[in-house]
Every structure is written in C-alpha cells, then in structure tokens.
Amino acid sequence: MTGTAVFLAGIAYELGEQEKSLADLTSFPADALEGLRELGVSDFRTTSRTSTQLAHASALRTLEAVGPGRRDTVTHVIHATNSHHDAAATHEVGSGRLQQSLGLAKAFPLGISLGYCANLHTALHLAAALISAGAAGDVLVICADALGPDDDRSVSGGISVHCDAASSVLVTRDALPGSLRLLHTELHIDPALADIDPSVNFLRHMSVFGKGCARTTGKALSAVGSLPQGISRVLPNNYNNRVNRGLAEITGFSVDQVFMANISRLGHALASDNLINLADSLEMNPAEPGERMLLLASGPNQWGVSVVEAQ
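These notes cover the structure that comes with them.

Calculation rules
- Sequence order as written defines the numbering, with residues in each chain counted from 1.
- For a predicted model such as this one, the threshold for reporting local features is a pLDDT of at least 70, and the threshold for listing and counting side-chain atom pairs is 80 or more; totals across whole chains, interfaces and linings nevertheless cover every residue.
- Just so you know, side-chain values use all the structure's heavy atoms and leave hydrogens and water out.
- For every element, the axis is a line fit to its C-alpha atoms; helices are fit only across the contacting stretch, and the angle between N-to-C directions ranges from 0 to 180 degrees.
- A helix here means a DSSP run of H or I that spans at least four residues, while a strand means a run of E at least two residues long, and both kinds are numbered starting from the N terminus.
- Here roughly perpendicular refers to angles of 65 to 115 degrees, roughly parallel to angles under 35, roughly antiparallel to angles over 145, and oblique to all remaining angles.
- Put simply, a crossing is left-handed when the front helix is turned counterclockwise from the back one by less than a right angle, and right-handed when it is turned clockwise.
- Any two residues whose heavy atoms approach within 4.5 Å at even a single point are treated as in contact.
- We call a residue buried when its accessible area falls under 20% of the maximum for its residue type, exposed when it is over 50%, and partly exposed in between, using a 1.4 Å probe and counting protein chains only.
- Two strands are counted as paired when DSSP detects at least two bridges linking them.
- Put simply, two rings from Phe, Tyr or Trp (the six-membered ring, in Trp's case) pair if the centres are within 6.5 Å, and we call them stacked under 30 degrees between planes, edge-to-face over 60, tilted for the rest.

### Quick word on the packing of helix α6 (residues 202–224) against helix α7 (residues 241–251)
Line of reasoning, step 1. One way to put it is that α6 packs onto α7 with a least axis distance of 9 Å and a crossing angle of 50°. Comparing their axes, α7 and α6 come out oblique. Between α6 and α7 lies a crossing whose hand is right-handed. Residues Met206, Phe209, Gly210, Lys211, Cys213, Ala214 and Thr217 of α6 pack against Val243, Leu247, Ile250 and Thr251 of α7.

Set out below in structure tokens:
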C-alpha cells in the first residue's frame, strides 16, 4: 500500500452520443459479427465530437462532483489518450484550451499514451507517486479516446469492438465523501508479446496475455495482503464473455466477482473501461466501508491493476 493515503473521488464518464449496434459495422465479415454476438458483444458508441470534447464533458462532471473549491487544489492534469489523430488532444493549444475551459489554468499537463488500454493505471501510479512525494496537490486524471473516421473498430484478435468514451477521476490525499482509497497500483510489461500476432496465433497470444494478467493481479493482491476471495468485485476491460470469464479463472476469481454488464452495452472503451465499470457497478450496488475492489486493464503487451477500498 502507498505510504501516504491517496483517494479517488468524483469518478465520471462521457460516452459517444451515437448508439450503434454490430449491424452498423458493414465492413466487418458476417461470420465475424455473428461470432461477436455469440460472445455477448452487441452495442457500442461512436461520436462526432473529438476525444478532447469527450474529455471535457467527463472532467467537468468530476470537478462538479468534488465541489467547485477543489479546482484551486489541482496542480496537475494527467491526460491519457491514444487518439493521436485528434490535434486538440496532442497540440499545445488544444491542451491549454481544455484546461482553461475547466478552470484549471494553473495545473501542469502531463501526457500518457504508451500504456494504451492500461493508460488509466499508468496515470494513477504517477498521480499517487507525485502526491506521496509531496510534489502535487490534487491530480485530475482523464482518459479519453475517440476513433477517427477511417480507424478499424475491431479490437486486436477480433475479440470485441471499440467504443468512443472518456472517463475521469480526482486523485487526492483527502478522504472526500464517497471516495475510495487507492491501496496499490501494479504495472507489468512483456514486450515479447508484441511479436505474437493474434490474427496468426491467437491461442499462443491469449496464453501469454493471460499469464500477464495473472502475474500482475497476483502481485497487486500480495501488496495489499488480500486473496482473490477478499475482493468483492473485479472491474476489467470489456472484451467478450468468453475472454472475461477466462480472465476470471486465470486470475483466481469467480465469474460472479467480475463485472461484465457493459460488454453488451458498450464494447471496449479502451482505457476508460475500468472507471466506467466501477462507476456503474457502484451505482447499481453501493460499496460498504472496507469493501475492496480490483481494477484490471491490459494493453497490447502491458497490464495494470489497481486495488481500491471503500471508506
């Protein structure tokens, strides 16, 4: 666990405004679409907005949730995205405009991208380290991705479809009402996985992928002194029912512990999956004090796990 108590507050998200179904993916082969349906994938969201506009909408909800006075305590904004086609997300003018529009003109921006769909955990790890070192006040973390018009919506290996979305959370040393304590974040990478093409050798790819999930999860649980049965709910990335059940098995959890309600509703919202699933899970079933939850994400060859505890 982190030496300095660090909390997550104001979890929020923004979805693409256009509701789509697999039937809208006319470029996908019919057998691929049928396979996804059989695996529980159904709907997803797209947007005509930029990823930065999605980020703004989500971040505004976070800041409103924690109270207007918290803006003055935010010293850093960590913006995690892989929407590099969006100039507003990568150009210095766009970044500045986003922060001005949020009333965070004095907060220093930091960019995260190389964790890909595990970007959230890279951001949480960095935010907690800055706070624990006394180098930051509050840190606003934003994950936002929106595919370009020519981007392929198929998730690597054809296991799901991409969804346009943003999510956000305030990382703070203050135990705000409704906040969750961030107990630990574990990061892991296996660069060799990048050499295994899932379209050529899917089973080998998934074997190495699963081992990475198990290793990262095991180390995170060990760091907080928990066993899998001590975790009330697991909030993973949204892939499909078969993959997510397999992840539950290989990481030592039961399927009942794993939140999978958004697989059919949203598909895979890249680095935002974990916070979206956490927010929805807590809305459906509020956590009891002391309840521990585990967020699990993976990129092409990297993994991130964070354990949080309700206050």
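Okay, back to it.
### As for the pairing of strand β11 (residues 302–310)
Look at any regular strand and the pattern is simple: side chains alternate between the two faces of the sheet.
Line of reasoning, step 1. Of all the 9 residues making up β11, 9 are buried; the element is thus mostly covered by neighbouring parts of the structure.
Line of reasoning, step 2. Residues Gln302, Gly304, Ser306, Val308 and Ala310 point to one face of β11 and Trp303, Val305, Val307 and Glu309 to the other, with burial holding for every one of them.
Line of reasoning, step 3. Judged from the 9 bridges that link them, strand β8 (residues 180–189) and β11 form a sheet pairing that is antiparallel. Its bridge partner being in β11, arginine 181 is matched across the sheet by glutamate 309.
Line of reasoning, step 4. The sheet contact formed by strand β10 (residues 292–298) and β11 spans 7 bridges and is antiparallel. Residue alanine 297 lies in a different strand from β11, and its bridge partner there is glycine 304.

### Observations concerning the packing of aromatic side chains
Line of reasoning, step 1. All chains considered together, the criterion is met by 2 aromatic pairs.
Line of reasoning, step 2. Judged by centre distance (6.2 Å) and plane angle (75°), the rings of phenylalanine 209 and tyrosine 239 are edge-to-face. Of this pair, phenylalanine 209 sits in helix α6 while tyrosine 239 sits in the loop between β9 (233–236) and α7, and the two are 30 residues apart along the sequence.
Line of reasoning, step 3. Seen in terms of ring centroids, phenylalanine 209 and tryptophan 303 are 6.4 Å apart; in terms of plane orientation they differ by 45°. Their pairing is tilted. Of the two residues, phenylalanine 209 is situated in helix α6 and tryptophan 303 in strand β11; the sequence distance between them amounts to 94 residues.
Line of reasoning, step 4. The exposure class assigned to phenylalanine 209 is buried, which follows from its relative accessible area of 6%.

None of this, on its own, says anything about what the molecule does.
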